[in-house]
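Spelled out, the chains give:
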Amino acid sequence: MNLFHVADRIEAVMKSEKNMFSNLDWYSAVSYHMMGVPTPMFTPIFVIARTTGWGSHVIEQRLDNKIIRPSANYIGMEDRRYTSIEERS
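Rules behind the numbers
- Residues numbered from 1 in each chain as written.
- Predicted model: local features only at pLDDT ≥ 70, side-chain atom pairs only at ≥ 80, totals over all residues.
- Heavy atoms only, no water.
- Helix = DSSP H or I, 4+ residues; strand = E, 2+ residues; numbered from the N terminus.
- Rg over C-alpha atoms; globule rule 2.2 N^0.38 Å.
- Buried < 20%, exposed > 50% of the residue type's maximum accessible area, 1.4 Å probe, protein only.
- Contact = heavy atoms within 4.5 Å.
- Areas by Shrake-Rupley, 256 points an atom, 1.4 Å probe, with all protein chains shown as cover.
- Lys, Arg positive; Asp, Glu negative; His and termini not counted.
- Charge placed at Lys NZ, Arg CZ, Asp CG, Glu CD.
- Expected span 1.5 Å × (residues − 1).
- pLDDT = per-residue confidence, 0-100.

### Focus: the overall build of the protein chain
Move 1: Check the secondary structure of the protein chain and you find three helices and zero strands.
Move 2: In terms of C-alpha radius of gyration, the protein chain reaches 21 Å, well past the compact-globule figure of 12 Å for 89 residues.
Move 3: By its C-alpha atoms, the protein chain is 60 × 35 × 25 Å across when sized along the principal axes.
Move 4: With 89 residues in all, the protein chain has 12% of them scored as buried.
Move 5: Excluding contacts between residues fewer than 6 apart, the proportion of contacts in the protein chain whose partners are at least 24 apart in sequence is 15%.
Move 6: As presented, the protein chain carries roughly 8200 Å² of accessible surface, and 61% of it is formed by carbon and sulfur atoms.
Move 7: When the 10 basic and 10 acidic side-chain charges of the protein chain are each reduced to a single mean position, those positions are 5 Å apart.

### A look at unusual backbone geometry
Move 1: Its identity is not glycine, yet Asn19 carries a phi of approximately 55 degrees, on the positive side.
Move 2: Looking at where Asn19 falls in the secondary structure, it is placed in the loop between α1 (2-18) and α2 (25-34).
Move 3: Phi is positive for Asp79, close to 55 degrees, though the residue is something other than glycine.
Move 4: Given the relative accessible area of 80%, Asp79 is considered exposed.

### Focus: helix α3 (residues 42-63)
A turn of α-helix holds 3.6 residues, and therefore any two residues three or four places apart point the same way.
Move 1: Helix length check: α3 (22 residues) gives 32 Å between terminal C-alpha atoms against 32 Å at 1.5 Å per residue, within 8%.
Move 2: Looking one or two residues beyond α3, the residue adopting positive phi is Asn65, at roughly 55 degrees.

### A look at the confidence of the model for the protein chain
Move 1: Confidence along the protein chain averages 85 in pLDDT terms, with 97% of residues attaining 70 or more.
Move 2: The secondary-structure element of the protein chain with the lowest mean pLDDT is α2, recorded at 83, while α1 shows the highest, at 88.

Laid out in C-alpha coordinates, this is it:
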(Lines give C-alpha, C1' and ligand atoms only; values in the text may rest on other atoms or scores of the structure.)
Protein backbone atom coordinates (compact mmCIF):
# COMPACT_ATOMS: atom_id res chain seq x y z
CA MET A 1 0.00 0.00 0.00
CA ASN A 2 2.97 2.32 0.50
CA LEU A 3 3.61 2.56 -3.24
CA PHE A 4 -0.09 3.12 -3.85
CA HIS A 5 -0.01 6.06 -1.43
CA VAL A 6 3.04 7.46 -3.25
CA ALA A 7 1.20 7.23 -6.59
CA ASP A 8 -1.87 8.78 -5.02
CA ARG A 9 0.21 11.69 -3.70
CA ILE A 10 1.87 12.18 -7.11
CA GLU A 11 -1.59 12.36 -8.66
CA ALA A 12 -2.71 15.00 -6.13
CA VAL A 13 0.43 17.12 -6.62
CA MET A 14 0.23 16.94 -10.42
CA LYS A 15 -3.40 18.06 -10.28
CA SER A 16 -2.72 20.97 -7.94
CA GLU A 17 0.60 22.09 -9.46
CA LYS A 18 0.18 21.27 -13.18
CA ASN A 19 -3.61 20.88 -13.48
CA MET A 20 -3.10 17.40 -14.96
CA PHE A 21 -6.16 15.21 -14.68
CA SER A 22 -5.99 11.89 -12.90
CA ASN A 23 -4.96 9.02 -15.08
CA LEU A 24 -4.24 5.35 -14.69
CA ASP A 25 -0.62 6.16 -15.59
CA TRP A 26 0.21 7.19 -12.03
CA TYR A 27 -0.71 3.74 -10.74
CA SER A 28 0.73 1.62 -13.56
CA ALA A 29 4.24 1.59 -12.10
CA VAL A 30 2.88 0.33 -8.78
CA SER A 31 1.10 -2.52 -10.54
CA TYR A 32 4.13 -3.38 -12.68
CA HIS A 33 6.36 -3.40 -9.59
CA MET A 34 3.97 -5.67 -7.67
CA MET A 35 3.92 -8.11 -10.63
CA GLY A 36 7.72 -8.22 -10.70
CA VAL A 37 8.08 -6.47 -14.06
CA PRO A 38 11.62 -5.04 -14.42
CA THR A 39 11.64 -1.24 -14.22
CA PRO A 40 13.22 -0.78 -17.71
CA MET A 41 10.12 -2.50 -19.15
CA PHE A 42 7.60 -0.05 -17.61
CA THR A 43 7.70 2.41 -20.51
CA PRO A 44 7.61 -0.16 -23.34
CA ILE A 45 4.62 -1.91 -21.74
CA PHE A 46 2.86 1.43 -21.28
CA VAL A 47 3.51 2.43 -24.91
CA ILE A 48 2.28 -0.92 -26.26
CA ALA A 49 -0.89 -0.65 -24.19
CA ARG A 50 -1.52 2.93 -25.31
CA THR A 51 -0.89 2.16 -28.97
CA THR A 52 -3.31 -0.75 -28.81
CA GLY A 53 -5.92 1.43 -27.09
CA TRP A 54 -5.58 4.25 -29.60
CA GLY A 55 -5.87 1.83 -32.50
CA SER A 56 -8.99 0.29 -30.95
CA HIS A 57 -10.58 3.72 -30.53
CA VAL A 58 -9.98 4.57 -34.19
CA ILE A 59 -11.52 1.28 -35.34
CA GLU A 60 -14.50 1.75 -33.03
CA GLN A 61 -15.05 5.35 -34.17
CA ARG A 62 -14.86 4.39 -37.84
CA LEU A 63 -17.30 1.50 -37.37
CA ASP A 64 -19.74 3.77 -35.53
CA ASN A 65 -19.19 6.61 -38.05
CA LYS A 66 -18.34 8.90 -35.14
CA ILE A 67 -14.82 10.14 -35.82
CA ILE A 68 -13.78 12.39 -32.93
CA ARG A 69 -10.61 13.68 -34.59
CA PRO A 70 -10.19 14.56 -38.25
CA SER A 71 -9.71 11.46 -40.36
CA ALA A 72 -6.37 11.02 -42.11
CA ASN A 73 -7.24 9.01 -45.19
CA TYR A 74 -4.54 8.51 -47.81
CA ILE A 75 -5.37 10.44 -50.98
CA GLY A 76 -2.16 9.93 -52.94
CA MET A 77 -1.46 7.87 -56.02
CA GLU A 78 -2.80 4.33 -56.03
CA ASP A 79 -1.69 1.09 -57.62
CA ARG A 80 1.94 2.09 -58.06
CA ARG A 81 4.36 -0.64 -59.05
CA TYR A 82 6.86 -1.59 -56.33
CA THR A 83 10.45 -1.11 -57.41
CA SER A 84 12.97 -3.18 -55.49
CA ILE A 85 16.12 -1.49 -54.20
CA GLU A 86 18.23 -3.34 -56.75
CA GLU A 87 16.15 -1.87 -59.61
CA ARG A 88 16.30 1.70 -58.38
CA SER A 89 18.79 4.12 -59.93
